[in-house]
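# Analysis of the macromolecular model
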Amino acid sequence: GRLGATDITLIDIQEPASFGKEREHAEKAGAKFKWPVFTKEITEEGVKLTDGELLPADTTIISIGDAPDLDFLPDTVETDHGFIEVDKHFRTTDPDIFAIGDAVKLGLLTDAIGAGRKAAHAITESFKGKTPTPITSKALPPGTDPIIDLGPQMIDKSRVTLEYFDPRISVFEDIGQCGAQCSSCGACRDCGICVEICPEAAIRKIEGENGDYEYVVNENRCIGCGFCAGACPCGVWDLVENDPIG
């Protein structure tokens, strides 16, 4: 609708995965959802369904990403229900081949980015002749088995939001603009929205060595309003209720 289309119909074989504000925004832009329907063929007139109905269309866009094409894989790589089997290091049944992303399990871009880091770490360890171990989130005491430290806790996906994302913008000139359009791609988590929105100035960014940084909360200033948790597009902040007194 924003690009000039007068009629938009989104079809699916099952109820579309879109929900909430994502669905509402599409409908406000003029989109109509139709399911369950099964496509027989695409003709010059539009999309012909298996029941004989024709959906007239000037332009047809195909968007399918439910199942990866794994025909190119050698027999040494095992699959299960159409996805590649991997271990905790994302190594396949062929020790020389690693796999990440939707070929392993359907998920978010952030899942694939994290899996890529773990796989790269494991590959580097293998080149050094070492047994791969999980990436740790901090320096461990001498003699500690790093396998017990699985790194930062995964953020609940329900806390990730596209509230600030505008799909019409495709170029990000600086961190400020990226933060304003954040869709939790996992590339930064350094937009600073929480610092700006905190009414008590309880959050601040601390610079560390080698470009490291962290956002910390002054518990003596925090009033538990939840603005940070509500505004953070990556779901980093999470408020926990205090235990009742007495």
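The notes below deal with the structure included here. (Residues numbered from 1 in each chain as written. Predicted model: local features only at pLDDT ≥ 70, side-chain atom pairs only at ≥ 80, totals over all residues. Heavy atoms only, no water.)

Turning our attention to the overall build of the chain. The number of helices and strands found in the chain is five helices and nine strands. Mapped in sequence order, the helices and strands of the chain form the string β-α-β-β-β-β-β-β-α-α-α-β-β-α. The burial tally for the chain puts 20% of its 246 residues in the buried class. Long-range pairs, those at least 24 residues apart, make up 31% of the contacts in the chain between residues at least 6 apart in sequence. Accessible surface computed for the chain: about 18,100 Å², of which carbon and sulfur atoms make up 53%. (Helix = DSSP H or I, 4+ residues; strand = E, 2+ residues; numbered from the N terminus. Buried < 20%, exposed > 50% of the residue type's maximum accessible area, 1.4 Å probe, protein only. Contact = heavy atoms within 4.5 Å. Areas by Shrake-Rupley, 256 points an atom, 1.4 Å probe, with all protein chains shown as cover.)

Right, let's talk about unusual backbone geometry for a bit. In this model, Trp 35 is joined to Pro 36 through a cis peptide bond whose omega is -10 degrees. Residue position: Pro 36 is located in the loop between strand E2 (31–34) and strand E3 (39–42). The phi angle at Phe 90 is positive, at roughly 65 degrees, despite the residue not being glycine. Notably, Ala 201 is not glycine yet its phi reads approximately 50 degrees, a positive angle. Take Ala 201: it is sitting in the loop between helix H4 (193–197) and strand E8 (203–207).

Quick look at the sheet that holds E3 now. For sheets, the rule is that strands pair by backbone hydrogen bonds, running either parallel or antiparallel. With respect to topology, three strands assemble into an open sheet ordered E3-E4-E5, the strand pairing being antiparallel. Every other strand in the sheet has two partners, leaving E3 and strand E5 (54–56) as the edge strands with one partner each. Strand after strand, the sheet turns through a mean of 20 degrees between neighbouring axes, direction not considered. Across three bridges, E3 lies against strand E4 (residues 46–49) in antiparallel orientation. Of the residues in E4, the one forming a bridge with Ile 42 is Val 47. (Pairing = 2+ DSSP bridges. Axes fitted to C-alpha atoms, helices over the stretch in contact; angles between N-to-C directions.)

Within the secondary structure, Thr 92 sits in the loop between strand E7 (83–84) and helix H2 (109–127). By relative accessible area, which is 8% here, Thr 92 ends up buried. Within the structure, the side chain of Thr 92 is placed 3.0 Å from the backbone oxygen of Asp 94, a separation counted as a polar contact. A polar atom in the side chain of Thr 92 sits 2.9 Å from the backbone oxygen of Ile 97. Ignoring any residue separated from it by four or fewer positions in sequence, one finds Thr 92 in contact with Val 77, Ile 84, Glu 85, Val 86, Ile 97, Phe 98 and Ala 99. (Polar contact = N/O pair within 3.5 Å; in protein donor to acceptor, adjacent residues only side chain to side chain.)

Counting residues in hydrophobic clusters, the biggest one holds eight residues: Cys 194, Cys 198, Ala 202, Ile 203, Cys 228, Cys 232, Cys 234 and Trp 237. Counting seven residues, the second-largest nonpolar core is a separate cluster that includes Val 77, Ala 99, Ala 103 and Val 104. (Core = buried A, V, L, I, M, F, W, Y, C linked by side-chain atoms within 4.5 Å.)

Just geometry here; none of it tells us what the structure is for.
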